[in-house]
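Fold and contact review
Below, each chain spelled out in residue letters.
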Amino acid sequence: MPIERTLSIIKPDATRRNLTGKINAIFEDAGLRIVAQRRIQLTRAQAEGFYGVHAERSFFKDLCEFMISGPVVVQVLEGENAVARNREIMGATNPANAAEGTVRAAFAESIEANSVHGSDSLSNAANEIGFFFSESDIVG
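Residues numbered from 1 in each chain as written. Predicted model: local features only at pLDDT ≥ 70, side-chain atom pairs only at ≥ 80, totals over all residues. Heavy atoms only, no water.

Considerations on the environment of Val76
In this fold, Val76 is placed in strand S3 (residues 72-80). Using a relative accessible area of 0% as the deciding quantity, one classes Val76 as buried. Taking the C-alpha atoms as reference points, Val76 and Gln37, separated by 39 residues in sequence, lie 6.5 Å from one another. In this structure, Val76 is in contact with Arg5, Thr6, Arg33, Ile34, Val35, Ala36, Ile129, Phe133 and Ile138, ignoring residues within four places of it in sequence. (Helix = DSSP H or I, 4+ residues; strand = E, 2+ residues; numbered from the N terminus. Buried < 20%, exposed > 50% of the residue type's maximum accessible area, 1.4 Å probe, protein only. Contact = heavy atoms within 4.5 Å.)

Here it is as structure tokens:
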């Protein structure tokens, strides 16, 4: 199985409740390694740039407002099939549909405040990682 990298964001609802360590333990216990990590406060410009693909969607403004409402932890996860594995670990976007044992089933407050973001493809992972990190920031 190929070793991949994916972007993970621990969202403001989770950092506000001091869940970073618990969420990261789930990633690590599932075989993913954290090879880059930074706690930041997103600016509106960063949030709008990162989520620009959704700019025409009705939820865009609320999503950006939420993502700037508190600190986030941006990180690069590495492991076998990291993109798909991370998405399995996160669970469904709607926590009501998330499987038991997933991050969202355990910690999400709502569809929007669902505790984590993860890249949905290898190409998006590369773009998203590049949005927050340079290659020299990633230490594997």
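Quick look at the packing of aromatic side chains
In this description, an aromatic ring pair is defined by two values, namely the gap between the centres and the angle between the planes. Counting across every chain of the model gives 4 aromatic pairs. Ring geometry for Phe50 versus Tyr51: centroids 4.9 Å apart, planes at 85°, classification edge-to-face. Ring centres of Phe131 and Phe132 lie 4.9 Å apart, and the angle between their planes is 70°; this geometry places the pair in the edge-to-face category. Owing to a relative accessible area of 36%, Phe131 belongs among the partly exposed residues under this scheme. Note on Phe132: relative accessible area 9%, which makes it buried. (Phe/Tyr/Trp six-rings, centres within 6.5 Å; stacked < 30°, edge-to-face > 60°.)

Quick word on the pattern of salt bridges
Taken as a whole and assessed by the stated rule, the structure comprises 9 salt bridges. The partner of Asp13 in a salt bridge is Arg17, with the nearest N and O atoms 3.1 Å apart. Classification of Asp13 as buried rests on a relative accessible area of 0%. One salt bridge in this structure joins Arg17 and Glu109, with 3.4 Å as the shortest N-O distance. Taken together, the positions of Arg17 in the loop between helix H1 (12-16) and helix H2 (20-29) and Glu109 in the loop between helix H6 (103-107) and strand S4 (116-118) put the pair 92 residues apart, joining distant regions of the chain. Linked by salt bridges that have partners in common, Arg5, Arg33, Glu78 and Glu135 make up one network. (Salt bridge = Lys/Arg side-chain N within 4 Å of Asp/Glu carboxyl O.)

What to know about helix H7 (residues 122-132)
Within H7, burial applies to Ala125, Glu128, Ile129 and Phe132. All buried residues of H7 project into a common sector of 100° when viewed along the axis, lining one side. In this structure, H7 carries Ala126, Asn127 and Gly130 as exposed residues pointing more than 90 degrees from its buried face. Each element contacted by the buried residues of H7 is listed here: strand S1 (3-10), strand S2 (33-40), helix H3 (44-50), S3, helix H5 (82-90) and S4. (Arc of directions from axis to C-beta.)

Quick notes on the sheet that holds S1
Here 4 strands make up an open sheet; going across it, the order is S2-S3-S1-S4 and the pairing antiparallel. For this open sheet the edge positions go to S2 and S4, each flanked by a neighbour on one side alone. Within this sheet the neighbouring strands show an average axis-to-axis angle of 20°, counted without direction. Pairing of S1 with S3, which is carried by 8 bridges, proceeds in the antiparallel orientation. (Pairing = 2+ DSSP bridges. Axes fitted to C-alpha atoms, helices over the stretch in contact; angles between N-to-C directions.)

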